[in-house]
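Working through the structure, step by step
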Amino acid sequence: MTVNLEVADGVGTIRLDRPPMNALDIATQDRLRELAEEVTRRDDVRAVVVWGGEKVFAAGADIKEMQVMDHAAMVVRSKALQDAFTAVARIPKPVVAAITGYALGGGCELALCADFRIAADNAKLGQPEILLGLIPGAGGTQRLARLVGPSKAKDLIFTGRQVKADEALALGLVDRVVPAAEVHAQAHAWAARLASGPALALRAAKECVDAGLETDIDTGLTVERTWFAGLFATEDREIGMRSFVEEGPGKAKFR
């Protein structure tokens, strides 16, 4: 398999494994969708790490595979491509990308699907599709602009340039930069911390933020209000409030 899933301590690690550069060919895209749907269903997975290994996250699409595709073939394939990445973005659990080495093109777009991005100090990110006479096709024009703003997104997309980890951090493209040897451990620690939290409240928080970005504030507030009231029906809310009253903040053990 070009993508594998390992589960430990409530954390599911979706690991890209297509050496040497984790090129995202059709089989890899489809496998990503399958595993995103699996971790969505599984109750024993409460947070997710997306990782490409110690050397590279993903250097982009498989250009040799794409080169032989004509317009008709890509009309058919482009929806499946986007669906694979959207499945990762819509995992209703906290997702962190652990980025080492290159995260270019589709690799950068995959990182954009996470809620949080931890990058190695040697990481390089970018959307170089323009250099092929193309544009990003797996969500890059949409998710990048929403994350860093339209002007910064256009700079990266128009030029196709790669940015090093420190610039990516300054742009808001990644959230933390750490030594390369620590990337996976820190990503797993971030996910494990949230895996012990209240699952439904975390799901609600993610859905409210993501849905709110796609709509007007009144609709977003309605989504928030509905989830806020709904969480009063959960056992986690009972546990959290009882623990707060009896023991103080931050000591609840959620089930």
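Just so it is clear, the model here is predicted, and its values are computed rather than measured.

About the thresholds
Residues numbered from 1 in each chain as written. Predicted model: local features only at pLDDT ≥ 70, side-chain atom pairs only at ≥ 80, totals over all residues. Heavy atoms only, no water. Helix = DSSP H or I, 4+ residues; strand = E, 2+ residues; numbered from the N terminus. Rg over C-alpha atoms; globule rule 2.2 N^0.38 Å. Buried < 20%, exposed > 50% of the residue type's maximum accessible area, 1.4 Å probe, protein only. Areas by Shrake-Rupley, 256 points an atom, 1.4 Å probe, with all protein chains shown as cover. Pairing = 2+ DSSP bridges. Axes fitted to C-alpha atoms, helices over the stretch in contact; angles between N-to-C directions. Core = buried A, V, L, I, M, F, W, Y, C linked by side-chain atoms within 4.5 Å. Contact = heavy atoms within 4.5 Å.

Some details on the overall build of the chain
Summing up its helical and strand segments, the chain has 11 helices and nine strands in all. Taking 2.2 N^0.38 as the reference for a compact globule, 255 residues should give roughly 18 Å; the C-alpha atoms of the chain span a radius of gyration of 19 Å, in line with that estimate. Overall size of the chain, expressed as C-alpha extent along the three principal axes, is 65 × 40 × 35 Å. When the 255 residues of the chain are sorted by exposure, 43% land in the buried category. Surface exposure of the chain reaches about 13200 Å², of which carbon and sulfur atoms provide 57%.

Looking at the sheet that holds strand E8 (residues 162-164)
Here we have three strands laid out as an open sheet, ordered E5-E7-E8, and mixed in their pairing. The strands lining the two open edges of the sheet, one partner per strand, are strand E5 (102-104) and E8. Pairs of neighbouring strands in the sheet enclose a mean axial angle of 20 degrees, with direction left out of account. In this structure, E5 lies alongside strand E7 (residues 124-126), joined through three bridges in parallel fashion. By the bridge assignment for E7, Leu-104 is matched with Gly-126.

Things to note about the pairing of strand E4 (residues 95-99)
Side-chain direction in a regular strand flips from residue to residue, so the side chains alternate between the two faces of the sheet. Counting buried positions along E4 gives five out of five residues, so the element sits mostly inside the fold. Residues Val-95, Ala-97 and Ile-99 point to one face of E4 and Val-96 and Ala-98 to the other, with burial holding for every one of them. Both strand E3 (residues 47-51) and E4 contribute to a ladder of four bridges, which runs parallel. Its bridge partner being in E4, Val-50 is matched across the sheet by Ala-97. In this sheet, strand E6 (residues 116-120) lies alongside E4 in parallel orientation, the contact comprising four bridges. If you follow Val-96 over to E6, its bridge partner there is Phe-116.

A few points about the nonpolar core
Core analysis: the biggest nonpolar cluster contains 45 residues, and Phe-57, Ile-99, Leu-125 and Leu-173 have the highest contact counts within it. With six residues, helix H3 (residues 71-89) is the single largest residue contributor to this core. Those residues in contact with Ile-99 that sit more than four places away from it in its chain are Phe-57, Ala-111, Arg-117, Ile-118, Ala-119, Ala-120, Ala-123, Leu-125, Val-174 and Val-183. Core analysis: the second largest hydrophobic core is formed by 15 residues, Val-49, Val-96, Ile-118 and Ala-120 among them.

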